[in-house]
Amino acid sequence: MGAQTENSELIKRTFGKYLAMSILITLSATLGMMIDNVIAGNLLGSGAVAAIGMSLSVFMLFSGCAGILETGAVALCARALGNRDADRVNVLFSVSLAAALAVGAVLSAGGVAGAGALATMLGAASGELHADTAAYLSGICSGAFAIVLLQLLMGFTRLDNAPQLGIVAIVGMSVCDVVFNLVAVCVLDLGLHGMGLATALAYCVAVGICCTHFLSKGNTLHLVNPMPHVGQLAGVLKTGLPDSLTRATVMVRTFTFNWLLLTVASAGAVAALSMLSSVNSFASSVTIGVGQTATLLCGIFFGEEDRGALKATLRTGMRMGLVLSCALCAVVFAFAPQVVGLFGLEGDAEAFGVVAVRAFILCVPIDLINQLFVNYYQGTGNVRAASAIAVGQSGLFAVLFALGTVWFWGATAVWTSFLVGEAVTLALQLVVASVLWKRKGAKRAVAGAAEVVANEAPAAAMAGDCDGVALGGAVVDEVTLLDKMMYLPETFQQDWRAFSCDPDIASVAACSQQVAAWCEAQGIDGRRSYLVPLAVEEMAANAVEHGFAKTKHPAIDVKLILKRDGTLVLRMRDNGAAFNPMDLDLSAADPCSAVGIRMLRQGVREVEYQNTVGLNNVVVTLPAPSGA
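Asks: Help me understand the overall build of the protein chain in this model?
Replies: The secondary structure content of the protein chain amounts to 23 helices and five strands. For the protein chain, long-range pairs separated by at least 24 residues make up 80% of all intrachain contacts whose partners lie at least 6 apart in sequence.

See the structure below:
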């Protein structure tokens with residue numbers, strides 16, 4: 001078996017834990033419109049579905065504003081957590097929340113007041129389609145503030161170790177939306193306006209559920225006065241820029257496709273596109289959910305300068321995401337008529353819909369790869385790369401293809417353009433990454449990669465793992481395309497050594513011995529060479545004996561970082577119950593027990609602990625001896 005990074009098991013478990021929550025966060029942005037489409041199609045007819053489809057661009061504007069704030073704020077907060085900067089996390093939380101409230105209020109007021117003008121602007125110029133579109137917009141816009149707030153709050157509950165609350169909020173919103181819609185249409189006879197109001201109210205219910213976390217004892221996020229820190233909003237917006245570009249491009253794509261379909265096909269094709277937007281929202285909840293999970297973890301690991309963990313996160317996201325997206329693709333393609341039937345489409349709208357769903361769903365696995373890298377680049381601060389991919393995959397190449405082929409291929413050109421756009425975007429990524437890597441110079445790139453991979457080799461290599469690197473160094477993994485696409489600086493964390501151990505006492509003791517051997521090989525002074533292995537053994541043993549009682553798949557990793565100034569940093573991470581070893585009560589314990597922890601308390605000033613995304617993190621900094 002090839003060498004693995006030290007975080008692979010922890011990352012796999014943590015990624016899986018937060019993936020469901022991330023998918024639901026993404027789904028929440030458009031779930032209300034999806035429910036409205038289904039109910040409208042079955043109770044009010046295809047004309048109502050077309051009106052909701054014409055409103056989609058405005059709904060995308062709401063979720064786009066939410067997306068830029070949520071993605072930007074969570075990515076920056078994750079990096080701050082990686083740097084162990086809790087004050088910055090609270091500042092970002094407060095500033096982004098204030099911005100969401102302000103933006104949401106403006107969108108709500110403007111949308112309700114200008115519903116008729118918006119309907120005209122979106123292409124529903126006159127007649128019943130204009131009246132229906134304006135009616136729906138006037139209702140849904142009243143909840144714009146809640147749509148913006150919900151996505152942001154769900155992002156922060158996920159960041160603050162409460163991912164389960166988002167699931168409760170989504171379930172509550174979905175149930176309320178269905179009930180409120182049925183009452184509005186079947187009991188109060190309020191039509192599309194009532195459906196919009198019902199959905200807006202359902203989002204308010206979900207916001208209320210999320211807010212309960214910030215009043216709980218487990219909350220670690222605290223509001224501060226945002227006014228002195230307004231400048232921080234620029235960083236949030238810059239980091240979230242790719243998401244806003246995605247939404248803007250989707251708006252342009254939706255407007256263009258509506259116009260093309262009305263020109264070369266019929267209103268039935270527009271209704272089919274509206275239905276396809278709901279299918280797209282559901283499918284994208286998987287791809288974007290995988291990407292947003294990567295943003296959260298990559299932001300933390302980038303803040304820690306952990307190259308191995310970043311690479312493991314991408315690999316994990318790729319594997320899990322492709323399994324989910326390929327399964328979704330197969331099921332939807334096979335049952336396309338039944339999927340279309342859920343929306344109550346009839347006649348040419350139904351015929352268009354089946355072709356549209358089958359052509360579109362093939363692009364989902366490619367979309368997964370593109371989206372994963374968009375979010376990885378956001379988490380690592382490479383906004384330029386993330387923005388370029390976001391614009392390409394969300395519509396630029398699709399629109400260009402449709403405009404060039406729709407005149408002789410008809411509506412099929414529009415349905416096929418989704419797959420073409422994703423494929424072209426991925427192909428360009430691969431070409432650009434390879435070209436940029438080549439420009440660095442083959443010799444320097446190979447030498448740099450060899451040094452990094454040598455540091456990434458697992459502790460098992462020290463015991464003779466043939467695919468790893470022993471103390472003397474020898475065998476390394478070859479540079480892969482993934483390495484080229486990560487775009488990390490050559491100097492990104494080259495001064496560390498990782499050690500993994502199984503969650504049992506024998507492995508903990510072996511890990512401690514490996515740490516001691518490494519310290520000796522690096523010429524670490526006697527005091528630190530004695531103290532660090534002892535602390536590793538006792539803190540890891542404490543996690544094994546007391547922290548994993550309720551953990552299904554326990555894992556521990558240990559990292560030692562030797563800075564160029566001689567400072568030695570010990571970082572331990574595990575997925576057991578939240579517990580700070582430095583808070584261990586030693587007053588009544590045997591004076592000969594927990595020697596390593598006792599010595600740390602006496603001889604080390606800088607010991608930091610935090611529990612992030614369900615993982616315990618202890619960071620101990622030991623400066624070089626004076627005069628060394």
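Asks: I tried to follow the packing of aromatic side chains on my own but got confused; where do I start?
Replies: Two aromatic rings, taken as a pair, are described by how far apart their centres are and by the angle between their planes. Applying the stated criterion across every chain, the model contains nine aromatic pairs. Residues phenylalanine 373 and tyrosine 377 carry aromatic rings whose centres are separated by 6.0 Å and whose planes lie at 40° to one another, so their mutual orientation is tilted. Of the two residues, phenylalanine 373 and tyrosine 377 both sit in helix α16 (residues 364–379), four residues apart, roughly one turn of that helix. Judged by relative accessible area, phenylalanine 373 falls into the buried class, the value being 2%. On the basis of relative accessible area, tyrosine 377 is assigned to the buried category, the value being 2%. An aromatic cluster is defined as three or more aromatic residues linked by ring pairs; in this entry it consists of Phe373, Tyr376, Tyr377 and Tyr487. Cation over ring: arginine 358 sits above phenylalanine 333, and NZ or CZ is 5.4 Å from the ring centre.

Asks: Any chance you could explain unusual backbone geometry here in plain terms?
Replies: Leave glycine aside and you will find that most residues have negative phi; peptide bonds, for their part, are mostly trans. A positive phi is found at aspartate 189, a non-glycine position, where the angle reads about 55°. Unlike most non-glycine residues, tyrosine 487 shows phi in positive territory, near 50°.

Asks: Please clarify how the nonpolar core should be interpreted in this entry.
Replies: For soluble globular proteins, the rule of thumb is that nonpolar side chains tend to be buried together. In this structure, Leu137, Leu150, Phe156, Leu310, Phe373, Tyr376 and Tyr377 are the most contacted members of the largest nonpolar core, which totals 105 residues. In terms of residue count, the dominant contributor to this core is helix α3 (residues 56–82) (16 residues). Not counting residues up to four positions away in its chain, the partners in contact with phenylalanine 373 are Leu314, Met318, Ile389, Gln429, Leu482 and Met485. Counting residues in hydrophobic clusters, the runner-up holds 43 residues, among them Met54, Ala359, Ile361 and Val364.

Asks: Would you mind going over the environment of tyrosine 609 with me for this structure?
Replies: Here tyrosine 609 is to be found in strand β4 (residues 606–612). Classification of tyrosine 609 by relative accessible area gives partly exposed; the value is 25%. Distance in space between the C-alpha atoms of tyrosine 609 and asparagine 580 is 6.2 Å, their sequence separation being 29 residues.

Asks: Please clarify how the state of the cysteines should be interpreted in this entry.
Replies: In a disulfide, the sulfur atoms of two cysteines are held together by a covalent bond. Tallied over the full model, the rule gives zero disulfides. In this structure cysteine 210 is not part of a disulfide, and its nearest cysteine sulfur, from cysteine 211, lies 7.1 Å away.

Asks: Can you walk me through the pattern of salt bridges in this structure?
Replies: A side chain of one charge can pair with a side chain of the opposite charge if their charged atoms are brought near each other. Applying the stated rule across the entire model yields three salt bridges. Here lysine 311 and aspartate 483 are joined by a salt bridge, their closest N and O atoms 2.9 Å apart. Taken together, the positions of lysine 311 in helix α13 (residues 307–334) and aspartate 483 in helix α20 (residues 481–486) put the pair 172 residues apart, joining distant regions of the chain. Classification of lysine 311 as buried rests on a relative accessible area of 4%. Here aspartate 483 falls in the buried class, since its relative accessible area comes to 18%.

Asks: What's the story with the packing of α16 against helix α17 (residues 383–409) in this structure? I'm lost.
Replies: Running from N to C, α16 and α17 cross one another at 150°; their axes reach a closest spacing of 8 Å. Comparing their axes, α17 and α16 come out roughly antiparallel. You can see that α16 and α17 cross each other, and the crossing is left-handed. Between α16 and α17, the residues in contact are Asp367, Asn370, Gln371, Phe373, Val374, Tyr377 and Gln378 and Val383, Ala385, Ala386, Ile389, Ala390 and Gln393, respectively. Partitioned by chemical class, the residues of the contact of α16 with α17 number eight nonpolar, four polar and one charged.

Asks: Help me understand the pairing of strand β1 (residues 496–501) in this model?
Replies: Regular strands have side chains that alternate between both faces of the sheet. Along β1, five of the six residues are buried, which leaves the element largely enclosed by surrounding structure. The pairing of β1 with strand β2 (residues 556–562) spans six bridges and is antiparallel. Within the sheet, the bridge partner assigned to phenylalanine 499 lies in β2 and is valine 558.

Asks: In this structure, what is going on with helix α21 (residues 505–521)? I would like to understand it.
Replies: An α-helical turn contains 3.6 residues, so a residue and the one three or four places further along point in the same direction. The terminal C-alpha atoms of α21 lie 25 Å apart, and with 17 residues this matches the ideal 24 Å at 1.5 Å per residue to within 8%. Buried residues in α21 make contact with β1, α22 (526–547), β2 and β3 (568–574). Structurally, the start of α21 carries an N-cap: the backbone nitrogen of alanine 506 is 3.3 Å from a side-chain oxygen of aspartate 504. Among the residues trailing α21, glycine 523 stands out with phi positive, at a value near 75°.

Asks: Sorry if this is basic, but what is going on with the side chain of aspartate 574 here?
Replies: With respect to the helices, strands and loops of the structure, aspartate 574 is situated in strand β3. Although aspartate 574 lies buried, it forms no salt bridge, and the closest oppositely charged side chain, arginine 573, sits 8.9 Å away as judged by the N-O distance. Here glycine 576 takes part through its backbone nitrogen, which lies 2.8 Å from a polar atom of the side chain of aspartate 574. Contact partners of aspartate 574, with chain neighbours within four places excluded, come to Leu10, Ala543, Phe548, Ala555, Ile556, Gly614, Leu615 and Asn616.

Asks: Any chance you could explain the pairing of β3 here in plain terms?
Replies: Burial runs high along β3: seven of the seven residues are buried. Burial along β3 is two-sided: Leu568, Leu570, Met572 and Asp574 facing one way and Val569, Arg571 and Arg573 facing the other are all buried. Following β2, the chain reverses through five residues before pairing antiparallel with β3; glycine 566 in that reversal takes a positive phi of roughly 95°. By the bridge criterion, seven bridges tie β3 to strand β5 (residues 615–622) in an arrangement that is antiparallel. Within β5, the residue paired with methionine 572 across the bridge is valine 618.

Asks: Explanation requested: the confidence of the model for the protein chain in the structure shown.
Replies: Detailed reading of the predicted model is not advised wherever pLDDT is low. Summary statistics for the protein chain give a mean pLDDT of 80 and a share of 86% for residues scoring 70 or more. Within the model, the stretch residues 1–6 combines pLDDT values under 50 with 18 contacts to residues more than four positions away or in other chains.

Asks: Just to check I follow, could you spell out the environment of valine 74 for this structure?
Replies: Structurally, valine 74 can be placed in helix α3. For the pair formed by valine 74 and threonine 239, sequence separation is 165 residues and the distance between their alpha carbons is 9.6 Å. Apart from the residues lying within four places of it in its own chain, the contact partners of valine 74 are Gly155, Arg158, Leu159 and Leu296.

Asks: Please clarify how the side chain of aspartate 160 should be interpreted in this entry.
Replies: Residue placement: aspartate 160 occurs in the loop between α7 (144–159) and α8 (163–187). Overall, aspartate 160 belongs to the buried group, its relative accessible area being 5%. Apart from residues no more than four positions distant in its own chain, aspartate 160 is found in contact with His213, Gly218, Asn219, Thr220 and Leu221.

Asks: Is there a simple way to think about a nonpolar patch on the surface in this case?
Replies: Nonpolar side chains collect at one region of the surface, where Ile167, Val171, Val175, Val179, Val183, Val187, Leu188 and Leu190 lie side by side and expose about 670 Å² of accessible area between them. With respect to the secondary-structure elements, valine 175 resides in helix α8.

About the cut-offs
Residues numbered from 1 in each chain as written. Predicted model: local features only at pLDDT ≥ 70, side-chain atom pairs only at ≥ 80, totals over all residues. Heavy atoms only, no water. Helix = DSSP H or I, 4+ residues; strand = E, 2+ residues; numbered from the N terminus. Contact = heavy atoms within 4.5 Å. Phe/Tyr/Trp six-rings, centres within 6.5 Å; stacked < 30°, edge-to-face > 60°. Buried < 20%, exposed > 50% of the residue type's maximum accessible area, 1.4 Å probe, protein only. Lys NZ or Arg CZ within 6 Å of the ring centre and 35° of its normal. Core = buried A, V, L, I, M, F, W, Y, C linked by side-chain atoms within 4.5 Å. Disulfide = S-S within 2.5 Å. Salt bridge = Lys/Arg side-chain N within 4 Å of Asp/Glu carboxyl O. Axes fitted to C-alpha atoms, helices over the stretch in contact; angles between N-to-C directions. Parallel < 35°, antiparallel > 145°, perpendicular 65-115°, else oblique. Left-handed = near helix turned anticlockwise from the far one by under 90°. Nonpolar A, V, L, I, M, F, W, Y, C, P; charged D, E, K, R; others polar. Pairing = 2+ DSSP bridges. Expected span 1.5 Å × (residues − 1). Polar contact = N/O pair within 3.5 Å; in protein donor to acceptor, adjacent residues only side chain to side chain. Lys, Arg positive; Asp, Glu negative; His and termini not counted. pLDDT = per-residue confidence, 0-100. Patch = residues over 30% accessible without salt bridge, like charges linked within 9 Å, V, L, I, M, F, W, Y side chains within 5 Å. Areas by Shrake-Rupley, 256 points an atom, 1.4 Å probe, with all protein chains shown as cover.

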